[in-house]
Amino acid sequence: MNPAGRCLVVVVLYRMSAHESATVRGVAEALGSDSRLREACEVLVWDNTPRADVPAGQPATLPGFGFSYQQSSANDGIAGACNAAVHICNKNGYQWMLLLDQDTIVTRAYLEGMLMYRQTVDAMADVAAIVPHLFDAKFQLSPKRVLRFRDQPILPTAPGILGGEVFAANSGVMLRISALNQIGGYSRDFWLDHSDMYAFHQFYLHRWRVFFASDLVLQHSMTMLDYDGSMSPARYENFLFAEQAFFDLYKDGLENAMQCLRLIMRVLRQHRRYRNKTFSKMTLRFLIYRLRNAKARRLRNWKLRADERQKLSRQDGMESTR
């Protein structure tokens, strides 16, 4: 099949072997049971795990058909993996790529449905993304309509174009490469948290539209919802800085004032609901920081943190290849 008719499926790993990833297993089972899916998909497993910590024999655990493995020289997060995949697509002529996190349950029906909708959307030149319903258990992660002061979960409707500004989480979305090229790819500053919010906001600013594959449902394990389990203080701190920067850059004064109220409510909710009180204390400290520092200073500090993180990430990558 011509590369233009194929889709690059990108599975991003971090500190998890391919064999342990529910996503890799699901994709492998789907492709292994359907020769048409194997023809239509090329799978790239992108591993952000530091080289010293990559499980022995990692590439060997992948299926022998349609899978390739790439170890990142440095952990540039979701943004780095996506931008590398865009480069591969441009080089090899793929027009669409499908993004998947390591903890998403992928089925044959989902892959078949996304490829079917891609054929429908191919002729809609202004559509940047095809998005399914994404849930963590019963909690809807995406898609959501971006409204003033809040995001509204989009309920099941007939499949079709969504009006207004729309946000969808990275995992499970299919993206048009030409749209990503136009917005300059994912932001290296929003390297992990809010990477998807940045990309979809840019699609909206550039007048790209979103197609909702409303009959396709995925289950995904969300770290940000697990304060008593997989969430770490370092990850939550990164989220807080990314969230604040996104509001400072793209929301007006009233919405930023509302964000302060949300942080107050989050402090109370985290303290009441979770055994681990670390995160409620972090949110409170961050709220105080936000109130004491002007927007220009907050953005300058965030940018310095991002630059320093990228510098350290590059140094770690260089050291791990010696």
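Scoring rules and cut-offs
Residues numbered from 1 in each chain as written. Predicted model: local features only at pLDDT ≥ 70, side-chain atom pairs only at ≥ 80, totals over all residues. Heavy atoms only, no water. Salt bridge = Lys/Arg side-chain N within 4 Å of Asp/Glu carboxyl O. Helix = DSSP H or I, 4+ residues; strand = E, 2+ residues; numbered from the N terminus. Buried < 20%, exposed > 50% of the residue type's maximum accessible area, 1.4 Å probe, protein only. Contact = heavy atoms within 4.5 Å. pLDDT = per-residue confidence, 0-100. Pairing = 2+ DSSP bridges. Axes fitted to C-alpha atoms, helices over the stretch in contact; angles between N-to-C directions. Parallel < 35°, antiparallel > 145°, perpendicular 65-115°, else oblique. Left-handed = near helix turned anticlockwise from the far one by under 90°. Nonpolar A, V, L, I, M, F, W, Y, C, P; charged D, E, K, R; others polar. Core = buried A, V, L, I, M, F, W, Y, C linked by side-chain atoms within 4.5 Å.

**Student:** Could you give an account of the pattern of salt bridges, with specific residues and numbers?
**Tutor:** Under the defined criterion, the tally for this structure stands at 16 salt bridges. For glutamate 237, the salt bridge identified is with arginine 305, shortest N-O distance 3.7 Å. Here the residue glutamate 237 occupies a position in helix α7 (residues 233-250), and arginine 305 occupies one in helix α10 (residues 295-320), the gap between them amounting to 68 residues. A residue is classified by how much of its surface remains accessible, and glutamate 237, at 34% relative accessible area, is partly exposed. Judged by relative accessible area, which is 34%, arginine 305 ranks as partly exposed.

**Student:** Describe the side chain of glutamine 102, with residues and values.
**Tutor:** On the secondary structure map, glutamine 102 appears in the loop between β4 (96-101) and β5 (104-105). Other than its neighbours up to four places away in sequence, glutamine 102 contacts Val12, Leu13, Tyr14, Met16, Ser21, Ala22 and Thr23.

**Student:** Explain helix α6 (residues 195-205) to me, and be specific about the residues and the numbers.
**Tutor:** Among the eleven residues that make up α6, nine are buried, leaving the element largely enclosed by the rest of the structure. Within α6, burial applies to Ser195, Asp196, Met197, Tyr198, Ala199, Phe200, His201, Gln202 and Phe203. Count one or two residues on from α6 and you reach arginine 207, which has phi positive near 65 degrees.

**Student:** Go over the confidence of the model for the protein chain, please, and point to the residues and values.
**Tutor:** Averaged over every residue, the pLDDT of the protein chain is 91; the share at 70 or more is 95%. Across residues 317-322 the pLDDT falls below 50, and counting only partners more than four positions away or on other chains, this stretch makes six contacts in the model.

**Student:** Summarise the pairing of strand β8 (residues 144-147); cite the residues concerned and give the values.
**Tutor:** Alternating residues of β8 divide into Lys144 and Val146, all buried, and Arg145 and Leu147, none buried. Pairing geometry for β8 and strand β9 (residues 150-153), over four bridges, is antiparallel. Bridge pairing in β9 links lysine 144 to proline 153. Where β8 and strand β11 (residues 166-167) come together, two bridges link them in antiparallel fashion. Following the sheet pairing, arginine 145 is matched in β11 by valine 166.

**Student:** So, the environment of glycine 66: which residues are in play, and what are the values?
**Tutor:** Mapping glycine 66 onto the fold places it in the loop between β2 (41-47) and β3 (67-71). Considered as a pair, glycine 66 and glutamate 39 are 27 residues apart in the sequence and their alpha carbons are 8.5 Å apart. With near-sequence residues (within four places) excluded, glycine 66 lies in contact with Glu42 and Val43.

**Student:** Break down the sheet that holds β9 for me, with residues and values.
**Tutor:** The strands making up a sheet associate through hydrogen bonds between their backbones, and the pairing can be parallel or antiparallel. Taken in spatial order, the three strands make up an open sheet running β9-β8-β11, and their pairing is antiparallel. Taken across any chain shown, the strands that pair with only one partner, and hence form the sheet edges, are β9 and β11.

**Student:** Got a sec to walk through the packing of helix α8 (residues 253-273) against helix α9 (residues 278-292)? Specific residues and values, please.
**Tutor:** When two helices pack together, their arrangement is captured by the angle between the axes and the distance separating the axes. Across the interface, α8 lies against α9 with an axial gap of 8 Å and an inter-helix angle of 160 degrees. One way to sum up the angle between α8 and α9 is to call them roughly antiparallel. Handedness of the crossing formed by α8 with α9: left-handed. Contacts between α8 and α9 pair Asn256, Gln259, Cys260, Leu263, Ile264, Arg266, Val267, Gln270 and His271 from the former with Phe279, Ser280, Thr283, Leu284, Leu287, Arg290 and Leu291 from the latter. In the contact of α8 with α9, the residues fall into eight nonpolar, six polar and two charged.

**Student:** I'd like a description of the environment of serine 178, backed by residues and values.
**Tutor:** Here serine 178 is to be found in helix α5 (residues 177-183). A relative accessible area of 40% means that serine 178 is categorised as partly exposed. A C-alpha to C-alpha distance of 7.2 Å links serine 178 and glutamine 95, two positions 83 residues apart in sequence.

**Student:** Explain the nonpolar core to me, using residue names and the numbers behind them.
**Tutor:** Residues Leu31, Phe67, Leu98, Tyr110, Ile130 and Tyr236 are the most contacted members of the largest nonpolar core, which totals 58 residues. A per-element tally of this core places α7 first, with seven residues. In this structure, Ala81, Val86, Val210 and Phe212 belong to the second largest nonpolar core, which totals 36 residues.

**Student:** An account of the environment of arginine 51 is requested, with residue identities and associated values reported.
**Tutor:** Within the fold, arginine 51 resides in the loop between β2 and β3. Arginine 51 gets classed as partly exposed once you look at its relative accessible area, which sits at 34%. As for arginine 51 and serine 221, which are separated by 170 residues in sequence, their C-alpha atoms are 25 Å apart.

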